[in-house]
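Chain and residue survey
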Amino acid sequence: MKKAAAEAALEYVETGTVIGIGTGSTANHFIDALASIKHRIEGTVASSVASAERLEKHGIEVLDLNMVDEISVYIDGADEATKHLHLIKGGGGALTREKIVAAASRKFVCIADESKLVDILGEFPLPVEVIPMARSYVAREMVKLGGEPVLREGFTTDNGNIILDIHGLQIMEPTKLEARINNIAGVVTNGIFALRPADVLLLGGNEGVRTLT
């Protein structure tokens, strides 16, 4: 199902443009599919070291975002998604770079299997990237918001930071909570993608790929 959604996303690749690439198992399926049409694109911007390495193994050029004027489309998976195209991302720990590449892209196409579609975000623990010295402070602030923070043990982001996974949230107002958490001192960003949601959600299922816009 993930692979079907990833292959369906090839339709959104514009010839002669730079493509943003996400991180994780579904994004990996897209990278593998992109290899078949790599001659059509100018290059890619990757949201993680792991994705950059996979792209380069396929002979697909990886560019520095600072050297790119525009990304035509960003293609990435999600840990949870709603029919409003609000997402939780960051299970793989690349949420900050994913959010940056999504923000820099004209269109954001999210690819997932249909099990990721939920009515309310929050059953999947919300990742929050935190500067290490702020870990305890941010954890206390998350408790005030009704969450149960758990340090992701033995994990460091590509930016050199830590991740707190916040359990027990029912995220009724994703845009408000995204902004509120991001305003806590020491938070780099959190895994709610609602201020810049997906533009298209491709859901792979038993009966093919469904498109939500």
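All figures in this text were calculated on a predicted structure; none of them were measured in a lab. Numbers given to residues run from 1 along each chain, matching the order in which its sequence is written. Owing to the predicted nature of the model, reporting of local features is limited to residues with pLDDT of at least 70; listing and counting of side-chain atom pairs is limited to 80 or more, with chain, interface and lining totals taken over all residues. Where side-chain values are given, they derive from all heavy atoms of the structure, hydrogens and water being excluded.

Quick look at helix α2 (residues 25–34) now. By the burial criterion, the buried members of α2 are T26, A27, F30, I31, A33 and L34. All buried residues of α2 fall inside an arc of 165 degrees around its axis, so they share one side. Buried residues in α2 make contact with α1 (2–8), β1 (18–21), β2 (43–46), α3 (49–57), β3 (71–76) and β6 (105–113). The buried label applies to any residue whose accessible area, calculated with a 1.4 Å probe on protein chains only, is under 20% of its type's maximum; exposed applies above 50%, and partly exposed to all values in between. Counting from the N terminus, the helices are DSSP H or I runs at least four residues long and the strands are E runs at least two residues long. Comment: arc refers to directions from the helix axis out to C-beta atoms. Contacts are assigned to residue pairs with any non-hydrogen atoms lying within 4.5 Å of each other.

Let's shift gears to the packing of α2 against α3. Put simply, α2 and α3 touch, their axes get as near as 9 Å, and they point 20 degrees apart. Here α2 lies roughly parallel to α3, going by the angle between them. When you trace α2 past α3, the crossing you get is right-handed. Residue-level contacts link N28, I31, D32 and L34 of α2 to S51, R54 and L55 of α3. Comment: axis = line fitted to C-alpha atoms, over the contacting stretch for helices; angle = value between 0 and 180 degrees taken between N-to-C directions. Roughly parallel means an angle under 35 degrees; roughly antiparallel means over 145; roughly perpendicular covers 65 to 115; every other angle is labelled oblique. It is the rotation of the near helix from the far one that decides the hand of a crossing: anticlockwise by less than a right angle makes it left-handed, clockwise makes it right-handed.

Another aspect to go through is the pairing of strand β7 (residues 126–130). As a general feature of sheets, a regular strand has side chains that alternate between the two faces. Burial of β7 is extensive: five of the five residues sit out of reach of the surface. If DSSP finds at least two bridges between two strands, the strands pair. Judged from the five bridges that link them, β7 and strand β9 (residues 162–167) form a sheet pairing that is antiparallel. Within β9, the position partnered with V128 by the bridge is L164. Pairing of β7 with strand β10 (residues 187–190), which is carried by three bridges, proceeds in the antiparallel orientation. What sits directly across from V128, in β10, is N190.

Take the sheet that holds strand β4 (residues 80–81) next. Here three strands make up an open sheet; going across it, the order is β4-β5-β11 and the pairing antiparallel. Looking at which strands have only one partner, the edges of the open sheet turn out to be β4 and β11 (192–193). Two elements, strand β5 (residues 87–88) and β11, share two bridges in a ladder whose sense is antiparallel. If you follow L87 over to β11, its bridge partner there is F193.

Read across the open sheet, the four strands follow the order β8-β9-β7-β10; overall the sheet is antiparallel. The open sheet has two free edges, formed respectively by β8 (148–151) and β10, since each of these has just one partner strand. Taken over all neighbouring pairs, the strand axes of this sheet differ in orientation by 30 degrees on average, direction set aside. Of the pairings in the sheet, the one linking β8 to β9 comprises four bridges and is antiparallel in character. Residue pairing for β9: L151 is matched across the bridge by L164. Of the strands in this sheet, β7, β9 and β10 are in contact with helix α4 (residues 95–103), which crosses β10 at around 70 degrees. Taken strand by strand, helix α6 (residues 174–182) contacts β7 and β10, and its axis lies near 165 degrees from that of β10.

Before going further, it helps to examine a nonpolar patch on the surface. A patch consists of residues whose relative accessible area exceeds 30% and which take part in no salt bridge; residues with like charges are grouped when within 9 Å of each other, and nonpolar side chains (Val, Leu, Ile, Met, Phe, Trp, Tyr) when within 5 Å. In short, Shrake-Rupley with a 1.4 Å probe defines the accessible areas, and a residue's cover is counted only from the protein chains shown. Take a side-chain nitrogen of Lys or Arg and a carboxyl oxygen of Asp or Glu: if they are within 4 Å of each other, that pair is a salt bridge. Taken together, the side chains of I131, M133 and V188 present a nonpolar region at the surface, about 320 Å² in accessible area. Residue position: I131 is located in the loop between β7 and α5 (135–144). In this structure I131 comes out as partly exposed when scored by relative accessible area, which is 40%.

Moving on, we get to the packing of aromatic side chains. Pairing of aromatic side chains here covers Phe, Tyr and the six-membered ring of Trp, requires ring centres within 6.5 Å, and sorts the geometry by plane angle: under 30 degrees stacked, over 60 edge-to-face, intermediate tilted. Overall, the coordinates contain two aromatic pairs when judged by the stated rule. With a centroid separation of 5.2 Å and an interplanar angle of 45 degrees, the aromatic rings of Y74 and F108 are classed as tilted. You can see Y74 sitting in strand β3 and its partner F108 sitting in strand β6, a full 34 residues away along the chain. Comparing Y74 with F108 shows no difference in burial state: the two are buried. Members of the aromatic cluster, connected to one another through ring pairs, are Y74, F108 and F193.

The next thing to look at is the pattern of salt bridges. A pair can form between side chains of opposite charge whenever their charged atoms are brought close. Scanning all chains against the criterion turns up 11 salt bridges. Salt-bridge contacts for E14 lead to R106; the nearest nitrogen and oxygen are separated by 3.5 Å. With E14 in the loop between α1 and β1 and R106 in strand β6, this residue pair connects regions lying 92 residues apart in the sequence. Residue classification places E14 among the partly exposed positions, given a relative accessible area of 34%. The partner of R196 in a salt bridge is D199, with the nearest N and O atoms 3.0 Å apart. In this structure, a network of salt bridges that share partners links the residues E14, E70 and R106.

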